[in-house]
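Residue strings, one per chain:
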Amino acid sequence: MLKQFIGAEWKVLMVVAVGLAVGELGMRAIETRLSIDVDHLKNFPAIAQALRDDAAPDELRVLFLGNSLTRLGVDQDVFKQSAEVDGRKIHTAKMNPDNTALAEWYYAFGNFFADPQRAPDVLIVGFEGGHLRDHPSRHPARLAHYYCDANDWQDLRQFDLHGFEDAAGYWLARWSAMYSNRDRVERRLLDELIPGYRDGMQIVNQRQSAEADQRTTSQPPTYHRLREFIARARKHGVRVILAAMPIADRYELDPELLDVVDETGIELVDCRDVPGIRPEMFPDGIHMTPEAAERYSRYLASVLPWSRLMEPESGRLTEQNPAQAPSSPTAATSQSAAAATSG
Amino acid sequence: MLFNSFAFWTFYLLLFVVYHRLRHRGQNVLLLVGSYFFYGCWDWRFLGLILLSTIIDYSVALGIAASQSSPRRRLLLAVSIAANLGILGFFKYYGFFSGELERLLTSLGMPAMLPTLSVVLPVGISFYTFQTMSYTIDVYRGDCRPTHRLLDFAVYVSFFPQLVAGPIERASRFLPQVLGTRRVNEDDFRTGLFLVASGLFRKVVVADNMAPVVNAIFSTPYGELTGAEVLLGVYAFAFQIYGDFSGYSAIARGVARWLGFDLMVNFRMPYFADSPSDFWQRWHISLSGWLRDYLYIPLGGNRHGAILTYRNLLLTMLLGGLWHGAAWTFVAWGCYHGLLLCVYRVFDQRTPAGERPQGNAVHITRVVLMFHLTCLGWLLFRAESLTQVAVMLETLATNFTMTPLATMTAGLLVFYAGPLMLFEFWMERRHEPLSLLNVHWLLRGMAYLYVVYMMLFFPPPVPSEFIYFQF
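Calculation notes
- Residues numbered from 1 in each chain as written.
- Chains lettered and ligands numbered in written order.
- Predicted model: local features only at pLDDT ≥ 70, side-chain atom pairs only at ≥ 80, totals over all residues.
- Heavy atoms only, no water.
- Helix = DSSP H or I, 4+ residues; strand = E, 2+ residues; numbered from the N terminus.
- Buried < 20%, exposed > 50% of the residue type's maximum accessible area, 1.4 Å probe, protein only.
- Contact = heavy atoms within 4.5 Å.
- Areas by Shrake-Rupley, 256 points an atom, 1.4 Å probe, with all protein chains shown as cover.
- Buried area = accessible area lost by both parts, 1.4 Å probe.
- Salt bridge = Lys/Arg side-chain N within 4 Å of Asp/Glu carboxyl O.
- Polar contact = N/O pair within 3.5 Å; in protein donor to acceptor, adjacent residues only side chain to side chain.
- Nonpolar A, V, L, I, M, F, W, Y, C, P; charged D, E, K, R; others polar.
- Phe/Tyr/Trp six-rings, centres within 6.5 Å; stacked < 30°, edge-to-face > 60°.
- Disulfide = S-S within 2.5 Å.
- Expected span 1.5 Å × (residues − 1).
- Core = buried A, V, L, I, M, F, W, Y, C linked by side-chain atoms within 4.5 Å.
- Pairing = 2+ DSSP bridges.
- Axes fitted to C-alpha atoms, helices over the stretch in contact; angles between N-to-C directions.
- pLDDT = per-residue confidence, 0-100.

A. Highlighting the overall build of chain A. The secondary structure content of chain A amounts to 18 helices and 5 strands. Counting over 343 residues, chain A shows a buried share of 51%. Considering only contacts in chain A between residues 6 or more positions apart, those separated by 24 or more positions represent 80%. Within the structure as shown, chain A displays about 16,200 Å² of accessible surface, and the carbon and sulfur contribution to it stands at 52%.

B. Broad picture of the interface of chain A and chain B. Taken together, the 41 residues of chain A in the interface contact 47 residues of chain B. Of the roughly 3,700 Å² buried at the junction of chain A and chain B (both faces included), carbon and sulfur atoms supply 75%. If you sort the residues of chain A by the area they bury against chain B, F5, E9 and R207 of chain A come out on top, with a joint share of 20%. The tally of links from chain A across to chain B stands at 2 salt bridges. Note that E9 of chain A and R444 of chain B form a salt bridge whose closest N and O atoms lie 2.8 Å from each other. Run the count over chain A and chain B and you get 10 residue pairs in polar contact (both at pLDDT 80 or more). Partitioning the side of chain A that touches chain B into residue classes produces 25 nonpolar, 8 polar and 8 charged.

C. Seen up close, the packing of aromatic side chains. The full count for this structure, using the stated rule, is 76 aromatic pairs over all chains. Judged by centre distance (4.9 Å) and plane angle (85°), the ring pair of F64 of chain A and F79 of chain A falls under edge-to-face. Note that F64 of chain A is positioned in strand β1 (residues 60-65) and F79 of chain A in helix α6 (residues 76-83), a separation of 15 residues in sequence. Taking relative accessible area as the criterion, F64 of chain A reaches 1% and is therefore assigned buried. Measuring from centroid to centroid gives 5.5 Å for F239 of chain B and Y271 of chain B, while their planes differ by 80°, and the two rings are edge-to-face. Of this pair, F239 of chain B sits in helix α10 (residues 227-258) while Y271 of chain B sits in the loop between α10 and α11 (276-280), and the two are 32 residues apart along the sequence. The pair F239 of chain B / Y271 of chain B is uniform in exposure class, with both members buried.

D. Region of the structure containing helix α12 (residues 285-296) of chain B. Residue and element names in this part refer to chain B. In terms of residue burial, α12 counts as a mostly covered element, since 10 of its 12 residues are buried. Listed in full, the buried residues belonging to α12 are I285, S286, L287, S288, G289, W290, L291, D293, Y294 and Y296. The inward-facing, buried residues of α12 contact α5 (125-141), α11 and α13 (306-324).

E. Quick look at the state of the cysteines. All names here are of chain B. Applying the stated rule across the entire model yields 0 disulfides over all chains. With no disulfide of its own, C342 has C335 as its nearest cysteine by sulfur position, at a separation of 10 Å. With a relative accessible area of 8%, C342 lands in the buried category.

F. Layout of helix α15 (residues 360-382) of chain B. Over its 23 residues, α15 of chain B extends 32 Å from the first C-alpha to the last, a length consistent with the 33 Å expected when each residue adds 1.5 Å. Taken residue by residue, α15 of chain B has V367, M370, F371, T374, C375, G377, W378, L379, L380, F381 and R382 of chain B as its buried positions.

G. Layout of the nonpolar core. Counting 250 residues, the largest nonpolar core has F79 and L242 of chain A together with Y271 of chain B as its most contacted members. Considering every element that reaches this core, the biggest residue donor is α10 of chain B, with 18 residues. When neighbours within four sequence positions are excluded, Y271 of chain B is seen to be in contact with A238, F239, I241, Y242, F279, W283, V367, F371, T374, W378 and M421 of chain B.

H. Molecular detail of the sheet that holds strand β2 (residues 90-95) of chain A. Residues and elements named next belong to chain A. Strand order in this open sheet of 5 strands is β2-β1-β3-β4-β5, and the pairing throughout is parallel. Each edge of the open sheet is held by one strand with a lone partner, namely β2 and β5 (267-270). Neighbour-to-neighbour, the strand axes of the sheet open up by a mean angle of 20°, direction not taken into account. Along the sheet face, helix α7 (residues 102-112) touches β1, β2 and β3 (122-127) and points at about 160° away from the line of β3.

I. Fine view of the confidence of the model for chain A. Residues with a pLDDT of 70 or more make up 88% of chain A, whose mean pLDDT is 85. Within the model, the stretch residues 313-343 of chain A combines pLDDT values under 50 with 52 contacts to residues more than four positions away or in other chains.

Put into C-alpha cells, the structure is as follows:
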C-alpha cells in the first residue's frame, strides 16, 4: 500500500535523503574546522588522557573548568609559574567550552574526569553571576553529541530535558552532527550574509530580556545540581574550588550559593576584584585581555589555599565531615594576595 | 501539540499507520478519538465545549430537517446560533465588553462593579463555532442534508488538521468526505508532501524567524524607535502572520490529504493582490467566504443601493475584525478594511472597464500599493493599543533613521521571506498554486532539500505558537 501511495515520488524523497546524508558526512568531516569550540569539544577525551598520562607522580593535577571566561582569563603558564614559587609542582589542563555553564560542566566532568584514573587532584570551576545556578542546558543538542552518554539519561531528565520535544531533539542530536551544530552554522551564515546581524540581534536580545524580566517574578535561585556536582567530584577524591571570576561590572554572589559553600565546605575564592584589573580590560564587558588574564592567573595562584590542597588524601574534606571545612569566601581579598599580584 | 513539533509528527505517524489499516467506520472512530486527543493536549477541559457544540448542532439540524413549520425551523436555528454565539461571546468577549461597559458607566458618573471573571480562551473556538454554525444554517437553507450519524458529525466538527486554525470548512463540502469512503493515491501523496513542506517552511523558517524581531520592535518603548524600525517591523509582521497562518493552513491541507480529505484552499498568494476585494479573495478565504455567505449577503449585499452596500461592507468587515479578538485594535483593523473596500468600490464603479489603465507597470504599482495598504492594516492588527499605532505612525513620518536593528531586519526579510515571495511570484505567473508538482522530480527534490536544510540550519530562536490559535 505504501509503495502505491508514494508512487514515483520516491525519487524526490531519495534526492532529499541523499542530500541529507551528504550534508551529514560533510559536517562530520568539517565540524572541527567549523569553530575552535567544536575542536575543543572533540578534544575532551584527549585532554582527560593528557592530564592522566603527562602529569608526573609528584605533580598536583589541576583542572580548570569553565567557559570562554576561563579560556581567555586563565593563563596556564603564568598560573603554574606563580603556583610553583614555593616549590610545589603542578600540572594543569583546561576544559572551557564556549557559552556554557554548570549544566554542561556537570556532564563534561562526569564523563571525562569522574574516574579514579583520570580524576584531577584539584578542580577549579571559574564562574560569574548565575553560571552555577540550576538551569537547564541552553545547548541540549551539544550535550547529546559531545558531552553525554546513555548513563546520563536520568540526570538529563531531571535537569535538562523537560518533555517529549526536548527528548526527541536530544536523540536526534546524538545521532546527527548536523543537527547538533545547527546553531553554529546558523550564526556563521547569518553573520556572513546579513548586514549588521550581530549588532541587531544584540538589540533584539536586550529588548526581549527586558520584556522577560518584567514578566517573570523573581524566585530565589537553587543549586541542586551544584550539590550533585560537588558530591560526584568528592566521590573521586577531587578538591573543588569555585572561583568567582572578574568581569567589567561587579556582580553579587547569591546567598544560596554561599549556603552551599557553607554546607559542603568547599572553597570559594572571590576574585571579583583583582588588584590591577580595570573595567577597560574587558573589551566586551566579560572577557579579559591577555594582560588582565595574566594578572588574574597570578592572583588566583596566590590566593588558593595550597596548604590544604596539598594535604594527603586522608586529610581531605568530605561531605560527611563538613565541620572541618573552611566556610566562607577565602583569602582572595587578603592583603597578602593583593600584594603578591600588584607587583 | 503544534504541527512543527516532534510530538505532532509522532502522533500523526501512529494515527496514519493505524488509519490506513481500518475500514471506513473504524477510520472515523479513530479520527474522532485522535482529534479529541489532539485537542485535549492543549486543554482537556475544553473538550466539553466541543461536545456541547456538536450535540446542539447535531440535534438542531435534525430538528430543522424534520420540521415543516417555518416558525419552528426558525426557532431551532435561533437556538443553534444563540448557543454557538453564546459560547463564543462568553469565552472570547465577556472580559472585553464587561470592562468597556464598566469604563463607560464610570465615565458617565455611574460606577458599576460588574462581575469580573478570568476566562481562558479555548484554543480554536472561533473556528469550530463558525464551522458548526454554517452546518445548521446550511441545513435550514436546504443547502445541505443533515446527517443522522453523530459520530460522523462529530468528526466534521473536530477533524484535527483544521480544528484549531481552519480552514473553516462548510458542511456541504466537507461532510460528504466524512460520510463517504476515502482512498489515497500517488497524487494525494505528492500534493500532501508539497503542502506540508511549503507549510513548514512558511511557519518554521519565515514566520518564526520574523517573530523575535517583530516582538522586539513592538515592545520597544515608543520614544526609542526610529521610522525605519517601524516600517521594517511592520513588513516583518506582514510576513510573520502570513507565514504563520498560511503555513498552518497548508500543513492542515497536506496532512488531511494523506488521510484522503481535500480541505479548501485558504490562501492564494495574497500579497500579489492588486485591490482590496482581490486581497479578500486571496487571504483567509474560508473566513471571507463565510462572512460573505452568512453575513454580507443576508444583510442585503449589494442589492439595495450604494449606501446600504457600503453599510453592509463596513458591518461585515467590522465583525470580521472582532472575530479575530476582543480589542479595539481588531475593531479598527476591521473598519479599516471595510473602508478600503468601500473606497475601492467607489473608484471601481466610477471608471468604466474600458477606461481603466492597463499594463504591467500599472499592475505592479497596484500590487505594491495594495501591499502597503495591507501593511498599514497589520500595524493596527499587531499594535497593543491605538495609542501605539498613532505613535508608530508619527515616528515613521518624522524620524527615519537606519539603525543596526533596521538593517538586520531588512536583511532577514530578504533572506527568509525573499525566496518565498519569488516562489509565489513564479506560481502567480503560472496561475497554478501547485506548479511545483509539474516540474522535473530532480528539481522538486532539490526544492524540498532546500526546505529541509533551511528548517535544520535556521531554526527560530524560540519556537512560537501559531498566531491564529488565539482567535
